Each structure stands twice: as C-alpha cells, then as structure tokens.
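Notes for the structure review
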Amino acid sequence: EKKKIMNTNKTYAERAARHPNACAKELFELMERKKTNLSVAADVTTKKELLAVADAVGPFVCILKTHIDIVEDFDQDLVDQLVALSKKHDFLLFEDRKFADIGNTVKHQYGKGVYKIASWSHITNAHTVPGEGIISGLREVGLPLGRGLLLLAEMSSKGALTQGAYTTESVAMARRNQDFVFGFIAQHKMNETDDEDFIVMTPGVGMDVTGDTLGQQYRTPHQVIVESGCDVIIVGRGIYGKPDQLEAQATRYREAGWNAYLERVRQHQ
C-alpha cells in the first residue's frame, strides 16, 4: 500500500497538477520551473528603487511583494514597468494590501482609486477581522481577472493578536472560499486533510539577524520550510536592505529556500 503523503510534503509540480485554484496552480508551476520559493518584499519608497529591486531580484524570485502605497512618486508607468518585469523575469506580483474593511469598501479599494490593484497584482491579501463579507467583496473584483487571495492567519510581529480562535476561524473561512482564497500569510502549515492544499507564505525570514527594534521576529528558511511546513519565504530587509548586493543576497536566499524544500520532500518520500 502506497503511503499517503500530505499535500504540504509533495513536490510543487505534484501540487500544481491537482490544484483546483488557477492562481495557486500558476504559482506552483512557476516555482517548479524556476526552482525558487523566494519572495522578495520590496518595501522601498521610490519608483526608481522599486524598479531597480524588481529587475535585480526578478530572476531569483517566484513573487515580488509590494506595498504600492508607500511609493512617493507612484504613477501608472510604474505599474506598467512592474508588469513588464514580471513577464520578463517570470514572477508574480503580490500587492500586500492587507484589506481590512467591509465588503463594499474593499471592492472599491481593490478595483478602483489611484492604484487599481486588481488590474496588475496577481495576488493580494486580507485580514479576516471584518468577517466573510471581505472575501465576497474582493472576489467580485478579483475572480473574473483570475486573481488569488491570501488570508492573514498569523503575523510575524511580537504580541500579534492573530492567534488561537482567530487563526482557526480564518482557516474555516478559507475552506469555504477555495475558488478565490488559495492560501495564507502564516508562520506554519495549515493543511490538515488530504483534500486541501493551501499555500502558506511566511514573512519575517532572515539569515543574519533575529529581530528589529519594532517587534519583528526573524526565522531562517530551514525553520520556515522544513520545521514549520510553509511554502514561500518572504525576505525583505535581508535582500533590499543591501542594495549593492541584491543579486548575491537573492541567490543566497533562493538556494537556502530551495534546499530546504528539497529536504522536506526527501524526508517524506
């Protein structure tokens, strides 16, 4: 009898082949193709810096994560160039908007306004504090465009209130909305049964430091991927904080993340 392997411990290619969500499928295929589970968080505040980071780390990442509203000289040309770079280097764009309002409001925040996030960002995310209506509102805009949503189940900052029943209920909401919600921002794997496969993306990954003065807590790629069973490592300051060595740092984290993934798969074959 062939032993059943949890989805978390299968290869990205195996998970892509049977994933019901189009956005997840595309991401898994991309990760396998480029041999990377690295996402760089480009938390820079000018258009020039953001495009420089995107172009430099593009070959090494599966996802570029943005906070588009901190860019001081934002314009439509920035979006056009980001989209062009995502095609050139084969990565997805993830606007880390963390929507947190009622369905009717987030619908407009996602589709309209200055940023028109849904028009260019493959992935976005939301807090579950407002209840399930937030997913319905975002879905109306995102699903017809083939976008995907992550829910914030856990945060990496010290003293975060996202724990216990909050996390449990966030997972329950995701299970009810798997056409649009394909994963979580969290610190450990969420898959509990063989018929579900949520992608977990984990911020707060760093190999050189353990924290900052504002409560961020860092973990290594090995801790995140092998020990906690997460899928995508999100690295911010460890990469963009060293602008003179972007490629070298991106290469280093990509290798660490990929090797950790290979180790996890090997352990469960």
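Residues numbered from 1 in each chain as written. Predicted model: local features only at pLDDT ≥ 70, side-chain atom pairs only at ≥ 80, totals over all residues. Heavy atoms only, no water.

1. As for the UniProt feature "binding site: substrate" (unreviewed entry) in the protein chain
For clarity, the threshold we go by: UniProt positions are given in the numbering used here, feature names are shortened, and annotations may be inferred rather than shown by experiment. Points on a 1 Å grid over protein atoms alone make up a cavity when a 1.4 Å probe fits among them but cannot get out, and a pocket when they form an open set with protein on both sides within 12 Å along at least five of seven lines; lining residues each have an atom within 4 Å of a point. Comment: elements are numbered from the N terminus, with helices defined as DSSP H or I runs of at least four residues and strands as E runs of at least two. We define a polar contact as two N or O atoms separated by no more than 3.5 Å, with the added condition that, inside protein, one atom must be a possible hydrogen donor and the other a possible acceptor, whereas residues neighbouring each other in sequence contribute only through side-chain atom pairs. By the convention used here, residues are in contact when the closest approach between their heavy atoms is within 4.5 Å.
Per the UniProt record, "binding site: substrate" (unreviewed entry) is found at Asp-43, Lys-65, Ser-156, Gln-216, Gly-236 and Arg-237. Of the annotated residues named above, the ones that line the largest pocket are Asp-43, Lys-65, Ser-156, Gln-216, Gly-236 and Arg-237. Relative to the assigned elements, Ser-156 resides in the loop between strand 5 (148-152) and helix 7 (165-175). There is a polar contact of 2.7 Å between the side chain of Ser-156 and the side chain of Gln-216. Mapping Gly-236 onto the fold places it in the loop between strand 8 (232-235) and helix 9 (237-240). The residues touching Gly-236, leaving out its near neighbours within four places in the chain, are Ala-41 and Gly-241.

2. Section: the pattern of salt bridges
Stated formally: Whenever Lys or Arg places a side-chain nitrogen within 4 Å of a carboxyl oxygen from Asp or Glu, that contact is recorded as a salt bridge.
Taken as a whole, this structure holds 18 salt bridges when the rule is applied. Across the salt bridge formed by Lys-47 and Asp-77, the nearest N and O atoms sit 2.8 Å from each other. Here Asp-77 lies in helix 4 (residues 76-89) and Lys-47 lies in helix 3 (residues 47-57), a separation of 30 residues in the sequence. Residues joined by salt bridges that share partners form a network here, namely Arg-15, Asp-197, Asp-231 and Arg-264.

3. Looking at the packing of helix 5 (residues 103-111) against helix 6 (residues 133-142)
Using the following cut-off: Structural elements are reduced to axes, namely lines fitted to C-alpha atoms, with helices fitted over the stretch in contact, and the angle between N-to-C directions of any two is expressed from 0 to 180 degrees. Rotating anticlockwise by less than a right angle from the far helix to the near helix defines a left-handed crossing, while the corresponding clockwise rotation defines a right-handed one. Ten residue types, Ala, Val, Leu, Ile, Met, Phe, Trp, Tyr, Cys and Pro, are classed as nonpolar, four, Asp, Glu, Lys and Arg, as charged, and the remainder, Gly among them, as polar.
In the contact formed by helix 5 and helix 6, the axes pass within 8 Å of each other and the chain directions differ by 35°. At the point where helix 5 passes helix 6, the crossing takes the right-handed sense. Contact residues: Gly-103, Val-106, Lys-107, Tyr-110 and Gly-111 in helix 5; Gly-133, Ile-134, Gly-137, Leu-138, Glu-140, Val-141 and Gly-142 in helix 6. A class-by-class count of the residues in the contact of helix 5 with helix 6 yields 5 nonpolar, 5 polar and 2 charged.

4. So, the layout of surface pockets
To be explicit about the condition: Grid points are joined across faces, edges and corners, and a volume is the space filled by probe spheres set on the points.
Counted as a void, the largest pocket has a volume near 460 Å³. Forming the walls of the largest pocket are 26 residues, and the residues nearest its centre are Asp-43, Lys-65, Ser-156, Pro-203 and Gln-216. Elements with a contribution of two residues or more to the lining of the largest pocket: strand 3 (92-99), strand 8 and helix 9. Here the lining of the largest pocket takes 3 residues from strand 3, the largest share from any one element. Per-class residue counts for the lining of the largest pocket are 12 nonpolar, 8 polar and 6 charged.

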